[in-house]
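# Topology and contacts: notes
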Amino acid sequence: MILYLVGWTLVICTLLWLASCSATYHLNKYQSKGGVCGKIDTIRVTKYDTINNKYYYQDSVFIVNDRVIPQTRQEIRYQYKIQRDTIRLKETQIKYLYKTERKKLSNDKKRSSTGILNRIIAILMVVAAIVISFLIAKKWK
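So, a few notes on the structure that sits alongside this text. (Residues numbered from 1 in each chain as written. Predicted model: local features only at pLDDT ≥ 70, side-chain atom pairs only at ≥ 80, totals over all residues. Heavy atoms only, no water.)

The secondary structure content of the chain amounts to three helices and two strands. The order of α-helices and β-strands along the chain, N terminus first, is α-α-β-β-α. Summarising the internal contacts of the chain: among those between residues at least 6 apart in sequence, 33% fall at separations of at least 24. On the chain, roughly 14,000 Å² of surface is accessible, and the fraction owed to carbon and sulfur atoms is 65%. (Helix = DSSP H or I, 4+ residues; strand = E, 2+ residues; numbered from the N terminus. Contact = heavy atoms within 4.5 Å. Areas by Shrake-Rupley, 256 points an atom, 1.4 Å probe, with all protein chains shown as cover.)

Given below as structure tokens:
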């Protein structure tokens, strides 16, 4: 009986092992999500042999580590949240600057218009005083 169970467990484990995903499947899935494996770059190097007075070529193989690890959903959401918050901060800063500049302009206009009005009134009062003084001087003659 025990040998019977052990035999079936071996059969089931073998079937699961044969039906499992291969490495190429996982590699293709990784690449479809945006992952990039390390690239191999070959460079041809020219060398000069002083003994035989000949040039010969030698291929050098370099493994370039430029792997890109795809981000998880939480990392992408956090990145978008940071971008959104910075945009909102910029918007509020621009709105605040706009309001303060508008207040400054309106205050400048009020000051300039009241200043001109005060000057006009002062000039009219001086002219009126001169006219009144001439009228009074004519009556006293």
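Quick look at a nonpolar patch on the surface now. A surface patch of nonpolar side chains, amounting to about 400 Å² of accessible area, comprises W8, V11, I12 and L15. With respect to the element layout, I12 can be found in helix 1 (residues 2-19). What makes I12 partly exposed here is its relative accessible area of 47%. (Patch = residues over 30% accessible without salt bridge, like charges linked within 9 Å, V, L, I, M, F, W, Y side chains within 5 Å. Salt bridge = Lys/Arg side-chain N within 4 Å of Asp/Glu carboxyl O. Buried < 20%, exposed > 50% of the residue type's maximum accessible area, 1.4 Å probe, protein only.)

Moving on to the pattern of salt bridges. For the structure shown, the criterion picks out two salt bridges. Note that E101 is salt-bridged to K104, the shortest N-O span being 3.9 Å. Remark: K104 and E101 occur in helix 3 (residues 73-140); sequence separation between them is three residues, near one turn of the helix. Residue E101 is classed as partly exposed on the basis of its relative accessible area of 42%.

A separate point is a positive patch on the surface. A surface patch of like charges, here positive, comprises K95, K99, R102 and K103. Tracing the backbone through its elements, the reader meets K95 in helix 3. What makes K95 exposed here is its relative accessible area of 55%. (Lys, Arg positive; Asp, Glu negative; His and termini not counted. Charge placed at Lys NZ, Arg CZ, Asp CG, Glu CD.)

Spatial relationships are all this shows, so hold off on functional conclusions.
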